[in-house]
Amino acid sequence: MIEQQQYQEAKRRVRQISAFYQHLIVYVLVNIGLAVINLTSDPNEIWFFYPLLGWGMGVAAHGLNVFVTEGWAKLWEEKKIRELLKKEGRSG
């Protein structure tokens, strides 16, 4: 039972990481395309960095969510579970 739960958790985590890398690849490819279009059509007016920055903030937030806050949230959940189990043990 525990092995199955661990497997499911690992599978969920791999999907999160994979989704982030897919997002990152699309971001890079689309923004390269936008830069090429911008620089070949009107190099005097640089506009491609607006979507680059805007979407870049979204990619950064996605990365933080996957690689940073996921760990913090999990640690908090585990701490809270232990706290509640300890509390129930005292009152029971």
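Residues numbered from 1 in each chain as written. Predicted model: local features only at pLDDT ≥ 70, side-chain atom pairs only at ≥ 80, totals over all residues. Heavy atoms only, no water.

J.: Kindly report on the environment of Tyr 27, identifying the contributing residues and their values.
T.: Here Tyr 27 lies in helix H1 (residues 2–41). Separated by 50 residues in sequence, Tyr 27 and Glu 77 have C-alpha atoms that sit 32 Å apart. Look past the residues within four positions of Tyr 27 in its chain and what remains in contact with it is Leu 52, Trp 55, Gly 56 and Val 59. (Helix = DSSP H or I, 4+ residues; strand = E, 2+ residues; numbered from the N terminus. Contact = heavy atoms within 4.5 Å.)

J.: Report on a nonpolar patch on the surface, specifying residues and quantitative values.
T.: Side chains of Tyr 21, Leu 64, Phe 67, Val 68, Trp 72 and Leu 75 sit close together on the surface and give an oily, nonpolar patch of about 630 Å² of accessible area. Looking at the nonpolar patch, the element that brings in the most residues is helix H2 (residues 49–91), giving five residues. (Patch = residues over 30% accessible without salt bridge, like charges linked within 9 Å, V, L, I, M, F, W, Y side chains within 5 Å. Areas by Shrake-Rupley, 256 points an atom, 1.4 Å probe, with all protein chains shown as cover. Salt bridge = Lys/Arg side-chain N within 4 Å of Asp/Glu carboxyl O.)

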